[in-house]
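Take a look at the letters that make up each chain.
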Amino acid sequence: MNGARLLGNLLAAALLFPPALASAEIPAETRWADPSRVDLSVEFPGEGYHAHWELFRCDCGDLLVHSELSAPDAVDRGETLLLQGRAVLSRGFGEHQDELGSSLDAPALMMQLALRLLERSEPGGPARVTEPVDVDVVDDINQIHLESYSAVGGFHAPWSVQGSIAPAGADRLRFDLRFAFSVGAGSEAQQGAMRLKGVADFADGDFPLPGSGSLDGWALSWRDARDPAIPAAAKARTLDELRAVMRKH
C-alpha cells in the first residue's frame, strides 16, 4: 500500500469515530469557528505520518487549502479550492491527483476538530485568550460531531485534550493540542491519539487566489454530476468567470 493511500486510511479511521503580543484586537463576539486563515499541522499515530494544511476562507464563501501529506515513503503536495460548495478545483498532487485532489473532507474535518477542541478549551472565545493558557479537558460523556460538505464523522467519549493556547499577534492565536480518543466500542475499543498544532488568524485579509487568475493547470470536478452549471463552465477561463457561471446557473 502506498504512503498516500495509507495516510488516507488513517484519516478515515480517525474521523469516524520571544513573548507574543496580546490578542486584544480580536472582537469579543468572535467565535472559534470564525478564522479567516488556519495553519494546521496534524501528527497521526505511527512514525512518519503527518499532514500540514493551510486553509483560507474567502468572503465569497470559497475555501482554499494548501496541502502537504507526508508518509514514510512519499510526500504529496497540492492545492484544492472549493467553490460555493458545488465544485472543486485542484492542482499539484501529481499521480495522486484523482485520489487527493477531488475532496476537501480530510482538511475540512481536521480544521473543524481543531476549532471544536479550542472551543472546549476556552468556551469564552478567542478574544478571552490574552496570555498563554494551559489546556486540560477530559470529557467522559459528550461526543465530538464533525461534518463537512460530503462527510460526517466524530469521536465518541471518552476523550481528552491537553496542551496550550497563546497569543501570536494582534489577531492571531497559536495552539498546540494533544488529543486522545477511543475508536470502536466495548471490548473492541482501541485508544488513539493525535497532535494538532498551528495558528488561527482572525484578521481580515486578501484571498490568495485573485479572481482574474487563469484556470489553466487546474482540474475541475463537481459534487453533483448533474449540476446545471457544468455545460457553461467549460467556457470559463478565469476564476471570476467560473464563479459568474455558477451564480447564473
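Residues numbered from 1 in each chain as written. Predicted model: local features only at pLDDT ≥ 70, side-chain atom pairs only at ≥ 80, totals over all residues. Heavy atoms only, no water.

(A) Examining helix α3 (residues 105-121) more closely. End to end, α3 covers 24 Å across 17 residues, agreeing with the expected 24 Å (1.5 Å per residue, within 8%). Burial of α3 is extensive: 14 of the 17 residues sit out of reach of the surface. (Helix = DSSP H or I, 4+ residues; strand = E, 2+ residues; numbered from the N terminus. Expected span 1.5 Å × (residues − 1). Buried < 20%, exposed > 50% of the residue type's maximum accessible area, 1.4 Å probe, protein only.)

(B) Geometry of the sheet that holds strand β6 (residues 133-139). With antiparallel pairing, the 10 strands of this open sheet are ordered in space as β6-β9-β10-β11-β1-β2-β3-β4-β5-β12. The open sheet has two free edges, formed respectively by β6 and β12 (219-222), since each of these has just one partner strand. Neighbour-to-neighbour, the strand axes of this sheet turn through a mean angle of 20°, independent of strand direction. Bridge count for strand β1 (residues 37-43) against strand β11 (residues 190-201) is seven bridges, and the pairing is antiparallel. Opposite Arg37, over in β11, you have Asp201 as the bridge partner. Strand contacts of α3: β1, β2 (50-57), β3 (63-71), β6, β9 (159-167), β10 (172-183) and β11, with the helix running at about 100° to β10, the strand carrying the most contacts. Here helix α5 (residues 239-248) sits on the sheet in contact with β4 (74-83), β5 (87-91) and β12, set at roughly 50° to β4. (Pairing = 2+ DSSP bridges. Axes fitted to C-alpha atoms, helices over the stretch in contact; angles between N-to-C directions. Contact = heavy atoms within 4.5 Å.)

(C) Expanded view of the nonpolar core. Within the largest apolar cluster, 46 residues are counted, with the highest numbers of intra-cluster contacts made by Leu40, Trp53, Leu113, Leu117, Phe179, Met194 and Leu196. In terms of residues, this core owes the most to one element, α3, which gives nine residues. Beyond its immediate chain neighbours, meaning those up to four positions away, Leu196 contacts Leu40, Ser41, Val42, Met110, Leu113, Ala114, Leu117, Phe175, Asp176, Leu177 and Phe179. Leu64, Leu81, Ala236 and Leu239 belong to the second-largest nonpolar core, a separate cluster that totals 19 residues. (Core = buried A, V, L, I, M, F, W, Y, C linked by side-chain atoms within 4.5 Å.)

(D) Molecular detail of the packing of aromatic side chains. Tallied over the full model, the rule gives five aromatic pairs. Note on Phe155 and Phe181: the rings are 4.8 Å apart at their centroids and 65° apart in plane angle, and the pair reads as edge-to-face. Here the residue Phe155 occupies a position in strand β8 (residues 152-155), and Phe181 occupies one in strand β10, the gap between them amounting to 26 residues. Of the residues examined, Phe181 reaches a relative accessible area of 4% and is grouped as buried. Here Phe179 and Phe181 contribute two aromatic rings whose centre-to-centre distance is 5.2 Å and whose plane-to-plane angle is 25°, an arrangement assigned as stacked. Here Phe179 and Phe181 have matching classes, each one buried. One aromatic cluster is present, built from ring pairs that chain together Phe155, Trp159, Phe179 and Phe181. (Phe/Tyr/Trp six-rings, centres within 6.5 Å; stacked < 30°, edge-to-face > 60°.)

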